[in-house]
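Chains, contacts and geometry: an overview
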Amino acid sequence: MPNTVVDKVLEFFLGSRHERECKRLAPRVAEINALEPEIAPLSDEALRARFAGVRERVRSATAELPADAVERRKHVQAVLDDNLAEVFAVVREAGRRALGMRHFDVQLVGGMVLHEGKISEMKTGEGKTLVATLPVTLNAMTGRGVHVVTVNDYLARRDSEWMGKVYTFLGLTVGCIQNQMADADRKAAYRADITYGTNNEFGFDYLRDNMKFDADTMVQRGHIYAIVDEVDSILVDEARTPLIISGPSELSVGLYYQVDHIIPKFQRGEEIRDKYGNKSTTGDFILDEKSHTASLTEEGVAKAEKLLGVPNLYDPSNIETLHAVQQALRAHSLYQLDRDYIVKDGQVIIVDEFTGRLMPGRRWSDGLHQAVEAKEGVKIEAENQTLATITLQNYFRMYEKLGGMTGTAETEADEFAHIYGLDVVVIPTNQPMVRADHPDIIYRTEKEKWQAVVEEIIELHEKGQPVLVGTVSIEKSERLSELLKRRNVPHVVLNAKYHEREAAIIAQAGRHRAVTIATNMAGRGTDIILGGNPDGLARAEHDPLKEPEEHAAAVERYRVRCADERQKVLAAGGLHILGTERHEARRIDNQLRGRSGRQGDAGSSRFVLSLEDDLMRIFASDRLREWMKHLGMEEGVPIESRMVTRSIARAQKQVEGRNFEVRKHLLQYDDVMNKQREAVYRLRRDILEGREGRPWVDNAIAEVLGGMIDSHCPTENHPDEWHRDDLERGLQDSFGLSLAAADVSWDHVTRPKLEEALGAAIAARLEERERSFGEDNFRSMQRWVMLSVLDNHWKEHLLMLDHLKEGIGMRAYGQRDPLVEYKRESFELFQEMMDRLEDQVVQYLFRLELRQAQPQPRRVVQAREVKAEASALAGERPEAQHSPGSGTPTTVRRSTPKVGRNDPCPCGSGKKYKKCHGAGEGAGAA
Ligand code: ADP
Ligand code: MG
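Summarised in this report is the structure supplied together with it. Remember, it's a predicted structure, so these values are computed and weren't measured experimentally.

With respect to the overall build of the protein chain
A tally of regular secondary structure across the protein chain gives 30 helices and 25 strands. Here the protein chain holds 926 residues, and 53% of them are scored as buried. Excluding contacts between residues fewer than 6 apart, the proportion of contacts in the protein chain whose partners are at least 24 apart in sequence is 74%.

Structure below.
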């Protein structure tokens, strides 16, 4: 097989690349080790003092930082590098004293790699939690904030408390963000030197901060350095769903129920190609599992029209119905209860396909979630409109420096490099890995497979060897559990439904005779100790806080017992991993395997498969299947073959590649919006923090007035031909100003004179308003107006981008590159939005009456979903509807784009708009 030869050669080189990296760092390890004789004898106080001394040095060397981001990172990195050896040595000693764990040499290497802004691949059980303390402490010394990102709240809390002992020993402060935390506590947590939290909390805090009306209530300080634990889970798997904060929109929910009733009447058909290559279809819809799509056939459309009593689904006025039908079809044909989602307390909760974890609060977008709710007959949450959104990719790319750690990164190294600029370095294990990974065995049917799985579990159980069985879905876990119950095999099931208990259960999966069934990676981050975890067992009996003595006694008791069980387990061969299906990605399979063989422990692993498994059914080549049938598979007799394992790996690689393409594609689209979001958020922040206000307004006034004059009083026309009526109406509309009030001498009027006279009249009126409101009042109104108008327009813009994206997909048929089209059009939409923004802000500033109501801050309803009150402004004031752009097409038409000319260009080049996309866009109709 030429392929495997190539693989081997690649492996050889890759392997040696990692080895070279580790060798490169070896002298630093020696340096740290050399400091130990000097540091170990220090008293606690002396050790702290030594650390404080280094910290002082670092602080003063980083007190002033270059404004340029790249230079800044370089500067800070250089300062920290100079102190790395000493700090690592101190942290190691602090770890020994505060936790009883002295960092191994390979852990020092892992820490250095993290500090360099790379990914440390270290196997499960190698102690990555402890590794992080090294770069975290080093980088926390600048006081600019270090974030440690975990996959769930439980781990954030556990790790911040556990490792917090090291940090506080050294005099650093630690905070931890939790899901239901109040803003004040969040803010305090972010102000600490080190902050632990989940990717969701960090990302949502960022979005929420950018919806606030008061700079004081913002919680985050900045995005300096983040270490992402289980980095592949977060930056690859979870990164497929963006973070979205949404509020209800006006769309009716009735439509979803109505449409839902008709779907069961639809027949699945297929696509047929005749011998001339002409395509035709049968049935009402076509299901394509590979590409995860379902689409109506012509017949299906006709059927839907008949059943719904809609004459033409494709009429623009029925676009919502059509959309609802399509989503309902997907909900019924592609999304399965207890596989893709569960229903709990009347809510549809998404199950993460890769990890099996529940994702409460997350919703599928675009009406799909509602369609699934209709299908399950639960209450439909009103359709949500996006108020703020960001992909995890773009959130994490904001950090000045990013590091990551996981046991399984290498298979995704390309993606990390391409998307995040992160290199992967594979760190050797502290003890040699001795787990035996057996080749897959494969049965003809699922039924035979499960039969065999049950028999194997029974055998292992009787032998006393603990086994961790990995399944791909909750449903399959429960089916296996049923089978085992029938055979009276004691076991526990871990399936993300009991999230709180996961960690405690899996911690005991290494006990003698333990049988644990878990959906892929449930209970991640928890160490499986062979023989059991004494502390966890004791905890189940006595709360260490309420009954410390009883707890301590129980720990002692279990320590003896677990040590004894450990011997038995080792004799039986250590923890065995039994995979019951291959996942689409090799990485997920590796994660499962990795739960065994921790720190040199004995262990083994094997996947048991069937030809009916999804991956085999959909992706394995026909040739392989033929070949296997040829070998004469008999009922109940499996085939064990490295060839099968290899060809599965090939299929997986293919799927991985395709999934990467999908994510890349999504990201390319998101990048367009990301630039715009950055521009909007920057403006918002400038307004909030008082850097922007009057100058922006002055510029907006000039733009609005300029546009008005351009369209009503064109230079090429004689002043007699100017449309004074229109000008009058425009002035009234936007500035509440009558033409008469301006001192225009019409006899000798020229354009410059007109502009000057109107400009002066407008300035005078603004001043007068300011006086009558009181300066402070006016300023806070101005700020409030700018913010709420900006928010409103941004929200609308997001919706438009969604629609644009949807529409662009169809245009791909026009042989144009949809991405290019999308970029162009979204840029235009953005400009139009900025135009409307100026128009409306000006209008409100000049026309709003003072009613002594202070602006209400937006109410944050739930952690994941901020319910938006429709803008107070638009709701309260009917005249808001008359703003140009949203209603009457009469008023201003512009000849110049309205991103402020001195604003950064929304294309993200970093240049001023006028120097970039704004350059040369002078005259001409908009
Ligand atoms: P990982 O996240 O890499 O899977 P963990 O951080 O959960 O691993 O650590 C696994 C176990 O190893 C923990 O029980 C931890 O206490 C232990 N451990 C880690 N580093 C050391 C060390 N240097 N000395 C002793 N025990 C360690
Ligand atoms: Mg871990």
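Overview of the pattern of salt bridges
By the definition in use, this model includes 66 salt bridges. Taking the shortest distance from any N to any O, the salt bridge between Glu482 and Lys485 comes out at 3.7 Å. Separated by 3 residues within a single helix, Glu482 and Lys485 lie in helix α17 (residues 474-486), roughly one turn from each other. Residue Glu482 is classed as partly exposed on the basis of its relative accessible area, which comes to 40%.

Here's the deal with the environment of His665
Along the chain, the position of His665 falls in helix α24 (residues 642-688). In this structure, the C-alpha to C-alpha distance between His665 and Leu819, residues 154 residues apart in sequence, is 9.0 Å.

Focus on the site of ligand 1
Every one of the 17 residues lining ligand 1 counts as a neighbour, but Arg102, Gly125, Lys128, Thr129 and Asp527 are closest to it. Within the side chain of Gln599, an N or O atom sits 3.0 Å from an oxygen atom of ligand 1. Considered on its own, ligand 1 offers 570 Å² of accessible surface; in the complex 83% of this is hidden by protein. Top contributing element to the shell around ligand 1 by residue count: helix α5 (residues 128-140), with 3 residues. Looking at the shell around ligand 1 residue by residue, the classes come out as 4 nonpolar, 7 polar and 6 charged.

Focus on a positive patch on the surface
Together, Arg623, Arg642, Arg646 and Arg650 make up a region of like positive charge exposed at the surface. The leading source of residues in the positive patch is α24, at 3 residues. When you line up the elements, Arg650 lands in helix α24.

Some thoughts on the side chain of Asp670
Secondary-structure assignment places Asp670 in helix α24. One buried charged residue, Asp670, remains without a salt bridge, the closest side chain of opposite sign being Arg677 at 4.1 Å. Within polar-contact distance, the side chain of Asp670 engages the side chain of Thr391 at 2.8 Å. Excluding its chain neighbours within four sequence positions, the residues that come into contact with Asp670 are Thr391, Asn394 and Arg677.

What counts, and where the lines are drawn
Residues numbered from 1 in each chain as written. Chains lettered and ligands numbered in written order. Predicted model: local features only at pLDDT ≥ 70, side-chain atom pairs only at ≥ 80, totals over all residues. Heavy atoms only, no water. Helix = DSSP H or I, 4+ residues; strand = E, 2+ residues; numbered from the N terminus. Buried < 20%, exposed > 50% of the residue type's maximum accessible area, 1.4 Å probe, protein only. Contact = heavy atoms within 4.5 Å. Salt bridge = Lys/Arg side-chain N within 4 Å of Asp/Glu carboxyl O. Near = heavy atom within 4 Å. Polar contact = N/O pair within 3.5 Å; in protein donor to acceptor, adjacent residues only side chain to side chain. Areas by Shrake-Rupley, 256 points an atom, 1.4 Å probe, with all protein chains shown as cover. Nonpolar A, V, L, I, M, F, W, Y, C, P; charged D, E, K, R; others polar. Patch = residues over 30% accessible without salt bridge, like charges linked within 9 Å, V, L, I, M, F, W, Y side chains within 5 Å. Lys, Arg positive; Asp, Glu negative; His and termini not counted. Charge placed at Lys NZ, Arg CZ, Asp CG, Glu CD.

Bear in mind that shape data such as this cannot, by itself, settle questions of function.
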